[in-house]
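# Per-entry structural report
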Amino acid sequence: MDPSATTSSPRQPFTAGTATAKKKKKKTTAEALSHDVLCIIFSFLDLFQLIRCSAVSTSWRKAINKLKLNQTEYVKQRHNDPNGLQDASFSQRSLSEQAEQLAMERHALALQRAPASVIQWKGHSVGVNQCRMKMGKVLTGVGDKVMRLWSAESCKCLDEYFLVDKAPLIDFDFDEGKVVGLVGTRICIWNRTETRNVFSSRENLFTKGLCMRYVDPEAVIGCEDGKVRVFDLYSRKCSQIIKMHEGPVTCLAFTDDQLLVSGSSLGTLSLSDLSSDQRVVLLGSTFSAGIKTLCFNPSSYMVFAGSTAGNVSCWDLRKINRTLWETRVSPNVVYSMHHLRNDTSTLVVGGIDGVLRIVDQVTGEVISRCIMDDSSTVLHCSTERFGTVQIESRKLKRLSEDDRIDLMPRASRPQITCLAVGMEKVVTTHNDKYIRVWKFRK
């Protein structure tokens, strides 16, 4: 039986250009500015502001890359750094690599010790427990029947994506052109372009999917039967079924080069290369409890696993036979971990005790612990399509190693069910109505 039945869209691949081929897309504000105007504006910005601007749109990135502004700002930054020396290898490496390295260093320092605040708002009518962040945008959902896309800076709602029926939303991800969701026992795809449509695969395509990761053009679903099912968005069929564990697959990490890492409720960790023979390698586990969350760093080939017992462990995929380190970071469940794609120094960890922890990726040492202050300040109110949203600010409080977390009020540390890391910021959800953005500014 063909599992590729559709409900509301024509049979074509869901790419960012699908809708624009039919209808010319209106220019955004970012695209409408001329090259000369952009150059004038960019000349007033420092290196880190330029790096952020390069992520706004293709036209901005091209304008910044063509200018000498990056090189000038990089040299100024190094010259003004009292703790740094002029990099003798500047001419041997590309400017973008130099700028990225400097940005990662600043990001890591900000997470460790910079002053910070927490911006929060009620983004859903019921508790929401998942979030994803890309390109300065945050997608939140699971709990009610709608996913909402937000600006990480302004906290404005940019779009909404509604579920097509009563099936529960289990997991989701997004890119520039679409939102991909695991809904009940099927995959749903929401087109983000002007022509809004929803594709839904056939019911019962998966045996109780528990988690999903998406890298175009494939979505990988971890299931209760210990199998991983690979769904091809173009053929709209399950292209591969791989037995990876004896118990339920609880979490996944999926890379651009089709390297798949999965964790199970039995505490096992497995690796498979979908581009080759699908051979499954058991990485092993030191956990007496199940693996709850996974994070893979493509820059260092390190895999980080968080357990239901509060442990975080690290494996180097180039040295599969041994664990690099294991740290008990929390007295209870670790729900979520994340880091910037090219950051090889810091890992952000959150769990049931509500403490946001910054962990050294190399050693496993917990280098910072953060919670929120009890009181909040109303910044302003924002009128959204679903009602008025009150934007509030709370101070961030850093804890010492000797602080008794169990004596601190739960209002200051609601459980962190999911987190996503951006440049000098972390977005968290807590299975309540609030979305929180932790902004670290050096």
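Residues numbered from 1 in each chain as written. Predicted model: local features only at pLDDT ≥ 70, side-chain atom pairs only at ≥ 80, totals over all residues. Heavy atoms only, no water.

Attention shifts here to the nonpolar core. Val348, Leu356, Leu419, Val426, Trp438 and Phe440 are the most contacted members of the largest nonpolar core, which totals 21 residues. Contributing elements (two or more residues each) for this core: helix H6 (95-113), strand E1 (116-122), strand E24 (356-360), strand E25 (366-372), strand E28 (418-422) and strand E30 (434-440). For Trp438, the residues in contact, after removing those within four places along its chain, are Ser117, Val118, Leu356, Cys370, Ile371, Met372, Leu396, Glu424, Lys425, Val426 and Thr428. Among the nonpolar cores identified, the runner-up in size contains 16 residues, and Trp121, Cys131, Trp150 and Val389 belong to it. (Core = buried A, V, L, I, M, F, W, Y, C linked by side-chain atoms within 4.5 Å. Buried < 20%, exposed > 50% of the residue type's maximum accessible area, 1.4 Å probe, protein only. Helix = DSSP H or I, 4+ residues; strand = E, 2+ residues; numbered from the N terminus. Contact = heavy atoms within 4.5 Å.)

All right, on to the environment of Ala103 then. Of note, Ala103 is situated in helix H6. Sequence separation between Ala103 and Glu424 is 321 residues; the distance between their C-alpha atoms is 9.6 Å.

What follows covers the sheet that holds strand E3 (residues 137-141). Taken in spatial order, the four strands line up as E2-E3-E4-E5 in an open sheet, and their pairing is antiparallel. Where the open sheet ends on each side, the last strands, each with one partner, are strand E2 (130-134) and strand E5 (157-162). On average, adjacent strands in this sheet sit at an angle of 20 degrees to one another, irrespective of strand direction. Pairing geometry for E2 and E3, over five bridges, is antiparallel. Looking at E3, one finds that Met133 is bridged to Val138. (Pairing = 2+ DSSP bridges. Axes fitted to C-alpha atoms, helices over the stretch in contact; angles between N-to-C directions.)

In this description, a pair of aromatic rings is defined by centroid distance and the angle of the planes. Summed over all chains, the structure comprises four aromatic pairs. With a centroid separation of 6.1 Å and an interplanar angle of 40 degrees, the aromatic rings of Phe304 and Trp325 are classed as tilted. Here Phe304, found in strand E19 (residues 302-307), pairs with Trp325, found in strand E21 (residues 323-328); they are 21 residues apart in sequence, far enough to count as distant. The buried category is assigned to Trp325, whose relative accessible area is 7%. The structure contains a cluster of three or more aromatic residues connected by ring pairs, namely Trp121, Trp150 and Phe386. For the cation-ring pair, Arg132 lies above Phe172, with the distance from its terminal atom to the ring centre recorded as 5.3 Å. Its end group placed over the ring of Phe174, Lys134 keeps NZ or CZ at 5.6 Å from the ring centre. (Phe/Tyr/Trp six-rings, centres within 6.5 Å; stacked < 30°, edge-to-face > 60°. Lys NZ or Arg CZ within 6 Å of the ring centre and 35° of its normal.)

Here the focus is a negative patch on the surface. The grouping of Glu365, Glu401, Asp402 and Asp403 at the surface amounts to a negative patch. Residue placement: Asp402 occurs in the loop between strand E27 (387-399) and E28. Taking the relative accessible area as the measure of exposure, Asp402 reaches 71% and is therefore exposed. (Patch = residues over 30% accessible without salt bridge, like charges linked within 9 Å, V, L, I, M, F, W, Y side chains within 5 Å. Areas by Shrake-Rupley, 256 points an atom, 1.4 Å probe, with all protein chains shown as cover. Salt bridge = Lys/Arg side-chain N within 4 Å of Asp/Glu carboxyl O. Lys, Arg positive; Asp, Glu negative; His and termini not counted. Charge placed at Lys NZ, Arg CZ, Asp CG, Glu CD.)

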